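The lines below spell out each chain.
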Amino acid sequence: MVLYTAPFPNSCLSALHAVSWALIFPCYWLADRLVASFIPTTYEKRQRADDPCYLQLLCTVLFTPVYLALLVASLPFAFVGFLLWSPLQSARRPYIYSRLEDKGLAGGAALLSEWKGTGPGKSFCFTTANLCLLPDSLARLNNVFNTQARAKEIGQRIRNGASRPQIKIYIDSPTNTSISAASFSSLVSPQGSDGVAKAVPGSIKRTASVEYKGDGSGRHPSDEAANGPASGEPAEGSLEDACIVRIGGEEGGRPPEADDSAAGGQARNGAGGAPQGQTPNHSQRDGDSGSLGSPSASRESLVKVRAAADGGGSGEPGATNSKLPYKASGVKKAAARKRRHPDEAFDHEVSAFFPANLDFLCLQEVFDKRAAAKLKDQLHGYFEYILYDVGVYGCQGCCSFKCLNSGLFFASRYPIMDVAYHCYPNGRRSDGLASKGALFLKVQVGSTPQDQRIVGYISCTHLHALPEDSAIRCEQLDLLQDWLADFRKSTSSSSTANPEELVAFDVICGDFNFDNCSSDDKLEQQHSLFTHYKDPCRLGPGEEKSWAIGTMLDTDNLYDEEVCTPDNLQKVLESEEGRREYLAFPTSKSPGAGQKGRKDLLKGNGRRIDYMLYAEEGLCPDWKAEVEEFSFITQLSGLTDHLPVAMRLMVSAGEEEA
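Here the structure is a predicted model, which is why all the values come from computation and not from measurement.

Q: It is not clear to me how a nonpolar patch on the surface should be interpreted in this structure. Could you clarify?
A: Residues Leu55, Leu58, Leu62, Phe63, Val66 and Leu70 make up a contiguous nonpolar surface patch of about 570 Å² in total accessible area. In this fold, Phe63 is placed in helix H3 (residues 55–88).

Q: Is there a simple way to think about helix H1 (residues 11–36) in this case?
A: Side chains that are three or four residues apart share a direction in an α-helix, a result of its 3.6 residues per turn. Compared with the 38 Å implied by 1.5 Å per residue over 26 residues, the 35 Å span of H1 between its first and last C-alpha is a close match. Residue Ile24 marks the point of greatest curvature in H1, where the axis turns by about 35°; the proline Pro26 follows within four residues. Inspection of H1 places Leu13, His17, Ser20, Ile24, Cys27, Leu30, Asp32, Leu34 and Ala36 among the buried residues, and these make up the whole buried set. Contacts made by the buried residues of H1 are with H3, helix H4 (136–139) and helix H11 (369–379). At the N-terminal boundary of H1, the capping side chain belongs to Asn10, with an oxygen 3.2 Å from the backbone nitrogen of Cys12.

Q: Quick question: what am I supposed to make of the pattern of salt bridges here?
A: Scanning the entire structure with this criterion turns up 25 salt bridges. Notably, a salt bridge pairs Arg46 with Asp560, separated by 2.5 Å at the nearest N-O pair. Taken together, the residues span a long stretch of sequence, with Arg46 in helix H2 (residues 42–49) and Asp560 in the loop between strand S17 (543–544) and helix H15 (566–573) at a distance of 514 residues. With a closest N to O distance of 2.7 Å, Lys442 and Glu501 form a salt bridge. Of this pair, Lys442 sits in strand S13 (residues 437–447) while Glu501 sits in strand S15 (residues 501–511); the two residues are 59 residues apart in sequence, bridging distant segments of the chain. Side by side, Lys442 and Glu501 carry an identical accessibility label, which is buried. Each of Arg33, Glu44, Asp136 and Arg140 takes part in salt bridges that share partners, so that together they form one network.

Q: Could you clarify how one ought to interpret unusual backbone geometry in this entry?
A: As a rule of thumb, non-glycine residues mostly have phi less than zero, and peptide bonds are mostly trans rather than cis. Located in the positive-phi region is Asp389, a residue other than glycine, with phi close to 50°. Mapped onto the elements, Asp389 comes out in the loop between strand S10 (385–388) and strand S11 (409–412). The buried category is assigned to Asp389, whose relative accessible area is 7%. Backbone geometry places Asp622, a non-glycine residue, at a positive phi of 70°. Position of Asp622 relative to the elements: it lies in the loop between strand S18 (610–614) and strand S19 (623–633).

Parameters and conventions
- Residues numbered from 1 in each chain as written.
- Predicted model: local features only at pLDDT ≥ 70, side-chain atom pairs only at ≥ 80, totals over all residues.
- Heavy atoms only, no water.
- Patch = residues over 30% accessible without salt bridge, like charges linked within 9 Å, V, L, I, M, F, W, Y side chains within 5 Å.
- Areas by Shrake-Rupley, 256 points an atom, 1.4 Å probe, with all protein chains shown as cover.
- Salt bridge = Lys/Arg side-chain N within 4 Å of Asp/Glu carboxyl O.
- Helix = DSSP H or I, 4+ residues; strand = E, 2+ residues; numbered from the N terminus.
- Expected span 1.5 Å × (residues − 1).
- Bend = angle between axes of the 7 residues up to and from the residue.
- Buried < 20%, exposed > 50% of the residue type's maximum accessible area, 1.4 Å probe, protein only.
- Contact = heavy atoms within 4.5 Å.
- Polar contact = N/O pair within 3.5 Å; in protein donor to acceptor, adjacent residues only side chain to side chain.

In structure tokens, the structure reads:
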């Protein structure tokens, strides 16, 4: 299949579109700024309350007439541009495909060698997130602002989190299974420029040196993660080699926590001292765990602890050195490994970082085209293949006029083979102005020694948002299943007699705009989609697993000091009281119930509307996909009103597992 690298089939149409948009854009920008000036966020309200001279209010009063006059003057040009722009949309392609040609620039993505379909199996990591990258005036309705700056910051955080080194840490004490808040920087870079090992701070003793496969230059791994590798060198964080560290500790001892005073100062800087034109978290310094240069990075930034009873608790330095370096998949497949959650078949956590070695990224609400371009530029530092500006405009293909695209965005480390997009035809009211739909992708993740392609299917969607329209969402789920079945049939080059392709996974993810605990969402909770695809967080209709938490944040509290950094938000969401305070819960129908009082009476852990589903059927015969890790991510705190969700699937041959 030919992937579209430009929105129009020829340069003439592209030039006409550029001219039409140049005529429209001044009017669009001025209208956006004018409306945005009358919708302050809670962060801006706090700044105004601390401003005794009311300078911001004075600026609004002075500039509003100027914006209004320029807006009126730009209307005739915008009208001419619209007359030219609208018919061009019938020739517009439904997405733009971007591939990083110069692989040397991919700071976090030294490409993996292709999987041959043999051995203990292969893990693939998926993440979905709603970013609320709308025009600024619309984004403020969700209490977020400065869309262009947020897009750049979000891209940097995703790239830094995904490209960080993957580390295994073992604690010698059989009773201490918590990860310390020791410095991430000093822990993962034990050697200085002179090659002498550095001590790990606090009461933790490093009983063996940390070894990285590769250059031996002693460069700071976290510098590579944040800034990319040195010229001509691949980033080590993208490889599947895991660094293993053994830490000694006293029986029952507990390492000291990170400096709370530093964190508090950092939170205050993030909530009240951002320069004008930036979002609050842009002012975070080295102490911000959203950046991998953090001297007090979250314990969740490290791959989880395995106790000494797992088989590696001798405490002898030689024992550790003999095991460096393992491959991550090899360590995880060890037969004697004990899970952190013995009551669950996989690990689950609230993490302050995006998972290391992230393979596929599915995003929603990337509506703003300029923000999408900034996000793409940042993510190309890690992902080689990206699809953006997905959707249709005007009256093309859908019943109502579309002012915005679908908001879907996809990034992959693996080659994209086929793409299809469909617009939901039944959107109404405000949702009908956007071309919400479903994006279907087929990716190649390897090939067998017999030259059979190993492929996977990924579907990304964003369903109807209005809470009272359950029937519309159910219709869209029906369409999603039908379109996916057609896509798999039309793109498959295999037959039962001659299998040219082996399907490794089939994943559906996105913002479904309904949860599994609201009584108003019973119709969606019982949809047949959940019989064909498995939700790792769900026990059944209306019943969640105890560890699953909501993915919608309470927008009124986005800039509170307690949650304005990734570390702080992670700590808050690990407690039931914190979840009730800062997560959104189902709307109560009881009259007069206030937000705080309503939350006190609710059970559950918030509205989980961002889903990650996977199929156990329809894969290659004798192969199976199992969840290995599932996480709720706080690294985008202060930048969006949703929590990203990540899932790591292990794909393996059933015969070998037996």
